Amino acid sequence: MGLKIETKVKLLLRKLKKLFTVFSSFYTFVAFVGAVGLIPFALVLYIVTTICRYFWHSSLQRKYPELDFVTTVTLRTAMDTIRNQGIVTVMLQMNGTHNYDTVKQQVLKCIVEKRKSNSRRLCFPHLQCSLTARRGCYAWVRDTTGFNIDNHVILESNHFRGRPVTEANVQEYISDIVFRNILHENYPPWQIILVPLNPTQYYVIVRLHHLYISEDRLGLSDLIMMNEDHNQWIMTIIMSVDGECNVSFSSSFQTTMMWTPSRASCPTSSEPQ
């Protein structure tokens, strides 16, 4: 009796296995046919969306001629909100001395006002433009008369709450600096902050909106004027005698990179990695 029951159970399991195999094959076939059938629909939807976006941006451009609208849409842009604007914050620990006035003039001349060699166009045309939004679309303000380099290259004190800045309190100090130096909505959304640590070391905090990376192709090496030469990183901040931006000095550094959830957010760690 027990043997017959065991045999029936085995036969039932075999039938169920065959049915599952047939069902799985049928489901795979239906899913494949459905996916192939959706390709024309997805293509038509993409074309319609692109055309609608083009006319939408054209209408916005006619309504706001003083603005230059961002036409490209990335995943990062689609995720932006008022409290999460995608501000990139990079902190570098530099070995060497700094000269605030020289750094400021070099940033202005060799980055902000840098032009392409074969034309008069700026390499990074939006570094002097503030960023705004209209009807859910980012736009650069074309009027750059209010641009002031002093609002973007900032020198902080080497004292924090009455005490010299050291490795023990630098994390709290950096967090306080990032919180205080918010990216003002009427200024271009980028900053370079110098934080002296001691006569031979200082921190550089770079903050910029992610659109500079996607729109202007602005990289960290461009913003802090680094060039790769003989397999060594060189930071250019010293002006040569002839006024060209080609005199450099070697400077070793350590970096920490993070995404901050808002303009007033603080780095989670200031320890170099």
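Residues numbered from 1 in each chain as written. Predicted model: local features only at pLDDT ≥ 70, side-chain atom pairs only at ≥ 80, totals over all residues. Heavy atoms only, no water.

Participant: In this structure, what is going on with the sheet that holds strand 3 (residues 131–134)? I would like to understand it.
Facilitator: With respect to topology, 3 strands assemble into an open sheet ordered 1-4-3, the strand pairing being antiparallel. Looking at which strands have only one partner, the edges of the open sheet turn out to be strand 1 (67–69) and strand 3. Pairs of neighbouring strands in the sheet enclose a mean axial angle of 40°, with direction left out of account. Bridge count for strand 3 against strand 4 (residues 137–141) is 4 bridges, and the pairing is antiparallel. (Pairing = 2+ DSSP bridges. Helix = DSSP H or I, 4+ residues; strand = E, 2+ residues; numbered from the N terminus. Axes fitted to C-alpha atoms, helices over the stretch in contact; angles between N-to-C directions.)

Participant: Whenever I open this one, the side chain of His152 confuses me. Can you help?
Facilitator: In this structure, His152 sits in the loop between strand 4 and strand 5 (153–155). His152 has contacts with Phe147, Tyr187, Pro188, Trp190, Gln191 and Ile192, leaving out every residue within four places of it along the chain. (Contact = heavy atoms within 4.5 Å.)

Participant: For this particular structure, what's the right way to read helix 4 (residues 170–180)?
Facilitator: Residues spaced three or four apart along an α-helix face the same direction, because each turn holds 3.6 residues. Along helix 4, the positions that sit buried rather than exposed are Val170, Tyr173, Ile174, Ser175, Ile177 and Val178. Residues of helix 4 that are buried sit in contact with strand 2 (87–95), strand 6 (159–160), strand 8 (190–198) and strand 9 (201–209). (Buried < 20%, exposed > 50% of the residue type's maximum accessible area, 1.4 Å probe, protein only.)

Participant: What's the story with the packing of aromatic side chains in this structure? I'm lost.
Facilitator: When we look at a pair of aromatic rings, we describe it by the centre distance and by the angle of the planes. Enumeration according to the criterion identifies 4 aromatic pairs in this entry. Seen in terms of ring centroids, Trp140 and Tyr212 are 5.1 Å apart; in terms of plane orientation they differ by 45°. Their pairing is tilted. Placement of Trp140 in strand 4 and of Tyr212 in helix 5 (residues 211–215) is noted, with a sequence separation of 72 residues between them. Exposure remark for Trp140: the relative accessible area of 1% places this residue in the buried category. (Phe/Tyr/Trp six-rings, centres within 6.5 Å; stacked < 30°, edge-to-face > 60°.)

Participant: Help me understand the pairing of strand 4 in this model?
Facilitator: Both faces of the sheet carry side chains from a regular strand, because those side chains alternate between them. Among the 5 residues in strand 4, 4 count as buried, and that is most of the element. Pairing of strand 1 with strand 4 involves 3 bridges; the strand directions are antiparallel. Looking across to strand 4, one finds that Asp68 is bridged to Trp140. Linking strand 3 back to strand 4 in an antiparallel pair, the connection comprises 2 residues, with Arg135 at a positive phi of about 55°.

Participant: Explanation requested: the nonpolar core in the structure shown.
Facilitator: Across soluble globular proteins, nonpolar side chains have a tendency to be buried as a group. Val107 and Trp190 are the most contacted members of the largest nonpolar core, which has 31 residues in total. Of all the elements in the fold, those that place two or more residues in this core are strand 2, helix 3 (100–112), strand 4, strand 8, strand 9 and helix 5. The leading source of residues in this core is helix 3, at 6 residues. In this structure, Met91, Ile177, Ile193 and Tyr203 belong to the second largest nonpolar core, which totals 14 residues. (Core = buried A, V, L, I, M, F, W, Y, C linked by side-chain atoms within 4.5 Å.)

Participant: So what exactly am I meant to see when it comes to a nonpolar patch on the surface here?
Facilitator: Taken together, the side chains of Phe26, Phe29, Val30, Phe32, Val33, Val36 and Ile39 present a nonpolar region at the surface, about 720 Å² in accessible area. Structurally, Val36 is set in helix 1 (residues 2–63). A relative accessible area of 41% means that Val36 is categorised as partly exposed. (Patch = residues over 30% accessible without salt bridge, like charges linked within 9 Å, V, L, I, M, F, W, Y side chains within 5 Å. Areas by Shrake-Rupley, 256 points an atom, 1.4 Å probe, with all protein chains shown as cover. Salt bridge = Lys/Arg side-chain N within 4 Å of Asp/Glu carboxyl O.)

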